[in-house]
Amino acid sequence: MKSTQRVSDLKALSPDQLNDELINLKKEQFNLRFQGATGQLENVARVREVRRDIARVRTLQRAKTLQAAKS
């Protein structure tokens, strides 16, 4: 249920906003990896969530690109 709501929120974003969201997620992923390496990571499941969110954003970016090319 949570991911469905997240996808609908992401679909409403423009391509530039999706790119900004991707950059923020990449930064968060880096910070989580750094915390994991130093033993400071408390919420291990967040790594998986961020990875999946990155995949969602990339999928939507690709779909919007294909839709724009089709038009």
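Here the structure is a predicted model, which means the values were calculated and not measured.

Scoring rules and cut-offs
Residues numbered from 1 in each chain as written. Predicted model: local features only at pLDDT ≥ 70, side-chain atom pairs only at ≥ 80, totals over all residues. Heavy atoms only, no water. Salt bridge = Lys/Arg side-chain N within 4 Å of Asp/Glu carboxyl O. Helix = DSSP H or I, 4+ residues; strand = E, 2+ residues; numbered from the N terminus. Buried < 20%, exposed > 50% of the residue type's maximum accessible area, 1.4 Å probe, protein only. Axes fitted to C-alpha atoms, helices over the stretch in contact; angles between N-to-C directions. Parallel < 35°, antiparallel > 145°, perpendicular 65-115°, else oblique. Left-handed = near helix turned anticlockwise from the far one by under 90°. Contact = heavy atoms within 4.5 Å. Nonpolar A, V, L, I, M, F, W, Y, C, P; charged D, E, K, R; others polar.

**Student:** Explain the pattern of salt bridges here, please?
**Tutor:** It is possible for side chains bearing opposite charge to pair when their charged atoms get close. Summed over all chains, the structure comprises five salt bridges. For E28, the salt bridge is made with R46, and the minimal N-O distance between the two is 2.8 Å. With E28 in helix 2 (residues 15–38) and R46 in helix 3 (residues 45–70), this residue pair connects regions lying 18 residues apart in the sequence. Under the relative-accessibility criterion, E28 is labelled partly exposed at 25%. With its nearest N and O atoms 3.0 Å apart, the salt bridge here joins R46 to E49.

**Student:** Hey, could you run me through the packing of helix 2 against helix 3 in this one?
**Tutor:** In contact at an axis separation of 10 Å, helix 2 and helix 3 are set at 155° when each is read in the N-to-C sense. The orientation of helix 2 with respect to helix 3, classified from their angle, is roughly antiparallel. As for the relative orientation of helix 2 and helix 3, their crossing is left-handed in sense. The segment helix 2 lies against helix 3, with L18, N19, E21, L22, L25, K26, E28, Q29 and L32 engaging R46, V47, V50, R51, D53, I54, V57, R58, L60, Q61 and K64. The residue inventory of the contact of helix 2 with helix 3, partitioned by class, reads nine nonpolar, three polar and eight charged.

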